[in-house]
Amino acid sequence: MIELAPSILSADFAHLAEQVQAVAEGGATVLHVDVMDGHFVPNITIGPPVVASLRKVTKLPLDVHLMIENPDLYIPAFADAGANWISVHQEACTHLNRTLDHIRNHGANPGVVINPATPVHMLEEVLDLVDHVLVMSVNPGFGGQKFIPAALEKVRKLVMMRETRRANFRIEIDGGIGPDTIAAAVIAGVEILVAGNAVFGKGSPRENAQRLLKLATEATLQRV
Ligand code: DX5
Ligand code: ZN
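In this report, the structure presented in the accompanying data block is examined. (Residues numbered from 1 in each chain as written. Chains lettered and ligands numbered in written order. Predicted model: local features only at pLDDT ≥ 70, side-chain atom pairs only at ≥ 80, totals over all residues. Heavy atoms only, no water.)

A look at the coordination of the zinc ion (ligand 2)
Thought 1: Coordination of the zinc ion (ligand 2) by the protein comes from His-32 (NE2), Asp-34 (OD), His-65 (ND1) and Asp-174 (OD), over a distance range of 2.0 to 2.3 Å.
Thought 2: With 6 donor atoms in place around the zinc ion (ligand 2) and angles of 70 to 169° between them, the coordination shape is octahedral.
Thought 3: Along the chain, the residues that donate to the zinc ion (ligand 2) are spaced as H-x1-D-x30-H-x108-D. Linking His-32 in strand S2 (residues 31-36) with His-65 in strand S3 (residues 62-67), this pair joins segments that are 33 residues apart in sequence. (Donors = N, O, S within 2.8 Å, 3.2 Å for Na, K, Ca; no water. Tetrahedral: all angles 85-135°; square planar, octahedral: opposite > 155°, others 65-115°. Helix = DSSP H or I, 4+ residues; strand = E, 2+ residues; numbered from the N terminus.)

Re the packing of aromatic side chains
Thought 1: Applying the stated criterion to the full structure yields 0 aromatic pairs.
Thought 2: The ring of Phe-169 carries Arg-162 above its face, with NZ or CZ at 5.6 Å from the centroid. (Phe/Tyr/Trp six-rings, centres within 6.5 Å; stacked < 30°, edge-to-face > 60°. Lys NZ or Arg CZ within 6 Å of the ring centre and 35° of its normal.)

Some points on the pairing of strand S4 (residues 85-89)
Thought 1: With respect to burial, S4 is a largely interior element, 5 of its 5 residues being buried.
Thought 2: The two faces of S4 match: Trp-85, Ser-87 and His-89 on one face and Ile-86 and Val-88 on the other face are all buried.
Thought 3: In this structure, S3 lies alongside S4, joined through 4 bridges in parallel fashion. Bridge pairing links His-65 to Ser-87 in S4. (Buried < 20%, exposed > 50% of the residue type's maximum accessible area, 1.4 Å probe, protein only. Pairing = 2+ DSSP bridges.)

Description of the nonpolar core
Thought 1: Core analysis: the largest hydrophobic core is formed by 66 residues, its most contacted members being Leu-66, Ile-86, Leu-158, Ile-173 and Leu-193.
Thought 2: When residues of this core are assigned to their parent elements, the largest contribution, 6 residues, is made by helix H5 (residues 150-165).
Thought 3: With residues near it in sequence (within four places) discarded, Leu-66 still touches Val-35, Pro-71, Ile-75, Phe-78, Ile-86, Ser-87, Val-88 and His-89. (Core = buried A, V, L, I, M, F, W, Y, C linked by side-chain atoms within 4.5 Å. Contact = heavy atoms within 4.5 Å.)

A few points about the layout of surface pockets
In this approach, a probe sized like a water molecule rolls over the atoms, and the result shows the empty space that is left.
Thought 1: There is about 480 Å³ of room inside the largest pocket.
Thought 2: Residue lining of the largest pocket: 31 residues in total, with Gly-144, Ile-177, Gly-196, Asn-197 and Ala-198 positioned closest to the centre.
Thought 3: Listing elements by their share of the lining of the largest pocket, those giving two or more residues are S2, S3, strand S8 (192-195), helix H7 (197-200) and helix H8 (205-220).
Thought 4: When grouped by side-chain class, the residues that make up the lining of the largest pocket number 13 nonpolar, 14 polar and 4 charged.
Thought 5: The computed volume of the second largest pocket comes to approximately 150 Å³.
Thought 6: Taken together, Arg-156, Val-159, Met-160, Arg-162, Ile-187, Ala-188, Gly-189, Glu-191, Arg-223 and Val-224 form the lining of the second largest pocket.
Thought 7: Residues belonging to the lining of the second largest pocket are distributed by class as follows: 5 nonpolar, 1 polar and 4 charged. (1 Å grid on protein atoms, 1.4 Å probe; cavity = no way out; pocket = protein on both sides within 12 Å on 5 of 7 lines; lining within 4 Å. Points joined across faces, edges and corners; volume = space filled by probe spheres on them. Nonpolar A, V, L, I, M, F, W, Y, C, P; charged D, E, K, R; others polar.)

Digging into the pattern of salt bridges
Thought 1: On inspection of all chains with the given rule, the structure shows 6 salt bridges.
Thought 2: With its nearest N and O atoms 3.1 Å apart, the salt bridge here joins Arg-162 to Glu-191. Taken together, the positions of Arg-162 in helix H5 and Glu-191 in the loop between helix H6 (182-188) and S8 put the pair 29 residues apart, joining distant regions of the chain.
Thought 3: Classification of Arg-162 as buried rests on a relative accessible area of 16%.
Thought 4: Here Glu-191 falls in the buried class, since its relative accessible area comes to 13%.
Thought 5: Salt-bridge contacts for Lys-214 lead to Glu-218; the nearest nitrogen and oxygen are separated by 3.0 Å. Of this pair, Lys-214 and Glu-218 both sit in helix H8, 4 residues apart, roughly one helical turn.
Thought 6: The class of Lys-214 is exposed, set by a relative accessible area of 54%.
Thought 7: Look at Glu-218 and you get partly exposed, because its relative accessible area is 39%. (Salt bridge = Lys/Arg side-chain N within 4 Å of Asp/Glu carboxyl O.)

Some remarks on the site of ligand 1
Thought 1: Near ligand 1 you find 20 residues, and of these Asp-34, Gly-141, Gly-144, Asp-174 and Gly-176 are the closest.
Thought 2: Within the contact set of ligand 1, an oxygen atom lies 3.3 Å away from a side-chain nitrogen or oxygen of His-65.
Thought 3: Within the backbone of Asn-197, one N or O atom sits 2.9 Å away from an oxygen atom of ligand 1.
Thought 4: When each cavity is represented as a set of grid points, ligand 1 is found to reside in the largest pocket. (Near = heavy atom within 4 Å. Polar contact = N/O pair within 3.5 Å; in protein donor to acceptor, adjacent residues only side chain to side chain. Sits in = over half its atoms within 2 Å of the grid points.)

Topic: unusual backbone geometry
Thought 1: At Asn-70, a residue that is not glycine, the phi angle is positive and equals roughly 50°.
Thought 2: With respect to the secondary-structure elements, Asn-70 resides in the loop between S3 and helix H3 (75-81).
Thought 3: Phi at Arg-166 takes a positive value of approximately 50°, unusual for a residue other than glycine.
Thought 4: Looking at the element boundaries, Arg-166 is found in the loop between H5 and strand S7 (170-174).

In structure tokens:
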């Protein structure tokens, strides 16, 4: 099943509840929440209080993408705030195995994320521990950046690794996804599509979400 996960990073934070409702009406089934600490990435965004507020206004699963150092310290607070999925960067975790366990033990679905410069084989030992693998198709830190096409090859490799191992993780992509790139991501094997600027940047978030989902669903017919 193809899912669209609008990234609220590009939403109007003063009207978050309405914008979330609009994308849900447009067919979004997950909400992507970008957490940045000004250390792991050169930007600062939001923390557990915003996740707790979102929890009150939507039933959609909250997909919390932690772009922070020492994520173990904050996983309990995000889980308590209502995060359903929590993903951590391979590059930020010295003890990734322990961190993924920590997420599951707090009742959230664990995911692992890799930056554009990190090869997929770095994930070999954790593929059985995660519910989703998130492939960054931009360098994390900001919305509205240009899609890095090499991410597609990483998605194809992950699809093969999943088959070989009979693993169950789903594949998510994040960065530069819009009308021009969404079909290629789906054809490569992506199941969860994060989009920030393409949903909230201009026009109606509801219609943008609808259009992206239509393109994504049509592209599934072109998968080999
Ligand atoms: C980037 C974030 C993304 C970002 C995507 O660091 O992880 O989730 O919001 O934004 P777009 O879709 O505009 O590239
Ligand atoms: Zn993200």
